[in-house]
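Overview (structure and organization)
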Amino acid sequence: SSGINAEYGERVVGYGLPTLLLGGGGYNLPNTARTWAQITGNVLGVTLPLDIPEHAHFERYSPSFDLTVSEGVTRKDSNTPEYLESVIDSVNRNLNAVVT
């Protein structure tokens, strides 16, 4: 969920190392934008208002027009335990290279 992603972003920045947060896409572009807005706000220590300001793509944020991400349709998790373990190993190797 977007709340968990925002917590992870805050945790990564909490290491006190130079950090570059790169956004990724999603199945639902408005929800991707909502999630990255929340992550950015958390990392910067800013509480964002829930209401999304009007802009050129405002209608895409219906029906709520706020930063709340609805879970919507549940998608099947196709990640295997082996794949997830390889990702964790890769991240740990990269972090160790930076820290040492």
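Please read these numbers as outputs of a predicted model, since none were measured by experiment.

Cut-offs applied
Residues numbered from 1 in each chain as written. Predicted model: local features only at pLDDT ≥ 70, side-chain atom pairs only at ≥ 80, totals over all residues. Heavy atoms only, no water. Phe/Tyr/Trp six-rings, centres within 6.5 Å; stacked < 30°, edge-to-face > 60°. Buried < 20%, exposed > 50% of the residue type's maximum accessible area, 1.4 Å probe, protein only. 1 Å grid on protein atoms, 1.4 Å probe; cavity = no way out; pocket = protein on both sides within 12 Å on 5 of 7 lines; lining within 4 Å. Points joined across faces, edges and corners; volume = space filled by probe spheres on them. Helix = DSSP H or I, 4+ residues; strand = E, 2+ residues; numbered from the N terminus. Expected span 1.5 Å × (residues − 1). Polar contact = N/O pair within 3.5 Å; in protein donor to acceptor, adjacent residues only side chain to side chain. pLDDT = per-residue confidence, 0-100.

This part takes up the packing of aromatic side chains. Enumeration according to the criterion identifies one aromatic pair in this entry. With 4.6 Å between their ring centres and 20° between their planes, F58 and F65 make a pair best called stacked. A relative accessible area of 15% means that F58 is categorised as buried.

Gaps between atoms show up when a probe of the same size as a water molecule is rolled over them. Its boundaries defined by the atoms lining it, the second largest pocket holds a volume of some 660 Å³. Taken together, 19 residues form the lining of the second largest pocket, with V12, T19, L21, V91 and L95 sitting closest to its centre. Looking at the lining of the second largest pocket, the elements with two or more residues in it are α1 (2–13), α2 (29–44) and α3 (81–99).

Another point: the environment of S62. Tracing the chain through its elements places S62 in the loop between α2 and α3. For the pair S62 and P30, spaced 32 residues apart in the sequence, the C-alpha separation amounts to 9.3 Å.

Turning to α2, a few remarks are in order. For α2, spanning 16 residues, the distance from its first C-alpha to its last is 22 Å, which sits close to the expected 22 Å at 1.5 Å a residue. Those residues of α2 lying buried are P30, N31, T32, R34, T35, Q38, I39 and G41. One side-chain oxygen at the N-terminal end of α2 lies 2.9 Å from the backbone nitrogen of N31; it belongs to N28. Immediately beyond the C-terminal end of α2, within one or two residues, lies G45, with a positive phi of roughly 75°.

Reading fine detail from the predicted coordinates is not recommended where pLDDT is low. Confidence along the protein chain averages 84 in pLDDT terms, with 89% of residues attaining 70 or more. Per-element confidence in the protein chain ranges from a low mean pLDDT of 74 for α1 to a high of 90 for α3.

Right, let's get into unusual backbone geometry. Residue P63 is bonded to the preceding S62 through a cis peptide linkage, with omega at 5°. Along the chain, the position of P63 falls in the loop between α2 and α3. If you check the backbone angles, F65 has positive phi at about 55° while not being a glycine. According to the relative accessible area criterion, F65 is partly exposed, its value standing at 23%.

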